[in-house]
Amino acid sequence: MDRRSLYEFLERLYFQYNKRELIHPDPLEFIYRYKSNRDRELVGLIASSLAYGRVKQILKSVEIVLNVMGSPHKYLVNSDPRIIKRDLKGFKHRFTSGDELSTLLIGVRSVLKKYGSLEHCFMDAFDETNETVLPALTEFVQKLGGPIEGLLPSPSGKSACKRLNLYMRWMIRKDQVDPGCWSKVSPSKLVIPLDTHMHKMGLEFGFTRRKQADIRTVLEITSMFRSIMPRDPVRYDFVLTRLGIRNDMSHETFKW
């Protein structure tokens, strides 16, 4: 398929499936429970950080954490770190323990105390001259307290950092699906949140030949999407990954 035909195919998918009512079951849906961006950015970080494993378990785990917190912003700003550790002591999501999650949230609490919001913290690290958000995201992770194995990776390594890049998509893009809680970064700087399904699509589109889903593969696939949609290279991420989430869509839906 030539580039023009592929663009037209992707645009058809986008306008057909990039809709709010098709979000469920996806941890993104939790963000829309909250009205303020200061809560939404925190919910997004929690939900994306736990977005690994079976989707049913992801939704259950995120629900447990949010029920503990109420308003995430008020909870983190007003709770002593010892309270946060106590409240999450019995939490478990696959390989993530309550201690690891509380370590992340205590790091978030410190950032909120210093910068006022996660957006301000990220913008402190962001350089418009960089091609992607990855350098700023690396510093952002450090500001949160550094990488946490299995929960908060660093883009400075080989990891595809799927969940962090998913968080960036939710925060920076704004359409019927993505809430766009942050307003100062162009979507053109985003990179693909690479999971199994997007990797498969990248191979089928001929965007990469790499079999390893690492950061090099992320950049190769993103580069090809950027050649189709320079201002918004992750525009099609939501629709192309519905196969891995929804039971009412089959691979035939995405035949081109």
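Located above this text is the structure these notes cover.
Residues numbered from 1 in each chain as written. Predicted model: local features only at pLDDT ≥ 70, side-chain atom pairs only at ≥ 80, totals over all residues. Heavy atoms only, no water.

The helix and strand tally for the protein chain stands at twelve helices and two strands. Along the protein chain, from the amino end to the carboxyl end, the secondary structure elements read α-α-α-α-α-β-β-α-α-α-α-α-α-α. The globule rule puts the C-alpha radius of gyration for 256 residues at 18 Å, and the 18 Å found for the protein chain is close to it. A principal-axis box enclosing the C-alpha atoms of the protein chain has dimensions of 55 × 40 × 35 Å. A burial count over the protein chain gives 56% of its 256 residues as buried. With an accessible surface of roughly 11,900 Å², the protein chain has 48% of that area assigned to carbon and sulfur atoms. Side chains of the protein chain give 42 positive and 30 negative charges; the mean places of these two sets differ by 3 Å. (Helix = DSSP H or I, 4+ residues; strand = E, 2+ residues; numbered from the N terminus. Rg over C-alpha atoms; globule rule 2.2 N^0.38 Å. Buried < 20%, exposed > 50% of the residue type's maximum accessible area, 1.4 Å probe, protein only. Areas by Shrake-Rupley, 256 points an atom, 1.4 Å probe, with all protein chains shown as cover. Lys, Arg positive; Asp, Glu negative; His and termini not counted. Charge placed at Lys NZ, Arg CZ, Asp CG, Glu CD.)

Residue placement: Arg40 occurs in helix 2 (residues 37-49). No salt bridge is formed by the buried Arg40, whose closest oppositely charged neighbour, Asp39, lies at an N-O distance of 8.6 Å. Side-chain polar atoms of Arg40 contact the backbone oxygen of Tyr34, separated by 2.6 Å. If we skip the residues at most four places from it in the chain, Arg40 touches Ile31, Tyr32, Tyr34, Lys35, Met171, Pro179 and Cys181. (Salt bridge = Lys/Arg side-chain N within 4 Å of Asp/Glu carboxyl O. Polar contact = N/O pair within 3.5 Å; in protein donor to acceptor, adjacent residues only side chain to side chain. Contact = heavy atoms within 4.5 Å.)

Our focus in this paragraph is the packing of helix 10 (residues 196-205) against helix 11 (residues 215-228). Contact pair helix 10 / helix 11: the axes reach a minimum separation of 11 Å and the direction vectors enclose 60°. Between helix 10 and helix 11, the angle is such that the two are oblique. Here helix 10 and helix 11 pass one another in a crossing that is left-handed. Of the residues in helix 11, those touching helix 10 at Met198, His199, Gly202 and Phe205 are Thr217, Ile221 and Phe225. Within the contact of helix 10 with helix 11, the residues separate by chemical class into four nonpolar, three polar and no charged. (Axes fitted to C-alpha atoms, helices over the stretch in contact; angles between N-to-C directions. Parallel < 35°, antiparallel > 145°, perpendicular 65-115°, else oblique. Left-handed = near helix turned anticlockwise from the far one by under 90°. Nonpolar A, V, L, I, M, F, W, Y, C, P; charged D, E, K, R; others polar.)

Of note, the bond from His24 into Pro25 is cis; its omega dihedral lies within 30 degrees of zero at -5°. When you line up the elements, Pro25 lands in the loop between helix 1 (3-17) and helix 2. In this structure, Arg94 takes a positive phi of about 50° despite not being glycine. We note that Cys161 has phi near 50°; this positive angle belongs to a residue other than glycine. Summarising the element assignment, Cys161 is placed in the loop between helix 8 (134-143) and helix 9 (162-172). Relative accessible area serves as the criterion here: at 3%, Cys161 is assigned to the buried category.

Next up on the list: the pattern of salt bridges. As enumerated under the stated definition, the model contains 16 salt bridges in all. The partner of Asp87 in a salt bridge is Arg86, with the nearest N and O atoms 2.9 Å apart. We classify Arg86 as exposed; its relative accessible area is 54%. In this structure, Glu128 and Lys189 form a salt bridge, with 3.9 Å as the shortest nitrogen-oxygen distance. With Glu128 in the loop between helix 7 (118-125) and helix 8 and Lys189 in the loop between helix 9 and helix 10, the pair connects residues that are 61 residues apart, well separated along the chain. Among the residues examined, Lys189 registers a relative accessible area of 10% and is labelled buried. What you see here is one network of salt bridges that share partners, running through Arg169, Arg173, Asp175, Asp178, Asp232 and Asp237.

As a further point, take the packing of aromatic side chains. The relative placement of two aromatic rings is captured by the distance of their centres and the angle of their planes. Tallied over the full model, the rule gives twelve aromatic pairs. Between Tyr167 and Trp182, the ring centres sit 5.7 Å apart and the planes meet at 85°, which makes this aromatic pair edge-to-face. With a gap of 15 residues between them, Tyr167 in helix 9 and Trp182 in the loop between helix 9 and helix 10 connect regions that are remote in the sequence. What makes Tyr167 buried here is its relative accessible area of 0%. Between Phe205 and Phe207, the ring centres sit 5.3 Å apart and the planes meet at 45°, which makes this aromatic pair tilted. Residue Phe205 shares its accessibility class with Phe207, and that shared class is buried. Across from the ring centre of Tyr14, 3.8 Å away, lies the NZ or CZ of Arg235, which sits over that ring. We note Arg242 situated over the ring of Phe238; from NZ or CZ to the ring centre the distance is 3.7 Å. (Phe/Tyr/Trp six-rings, centres within 6.5 Å; stacked < 30°, edge-to-face > 60°. Lys NZ or Arg CZ within 6 Å of the ring centre and 35° of its normal.)

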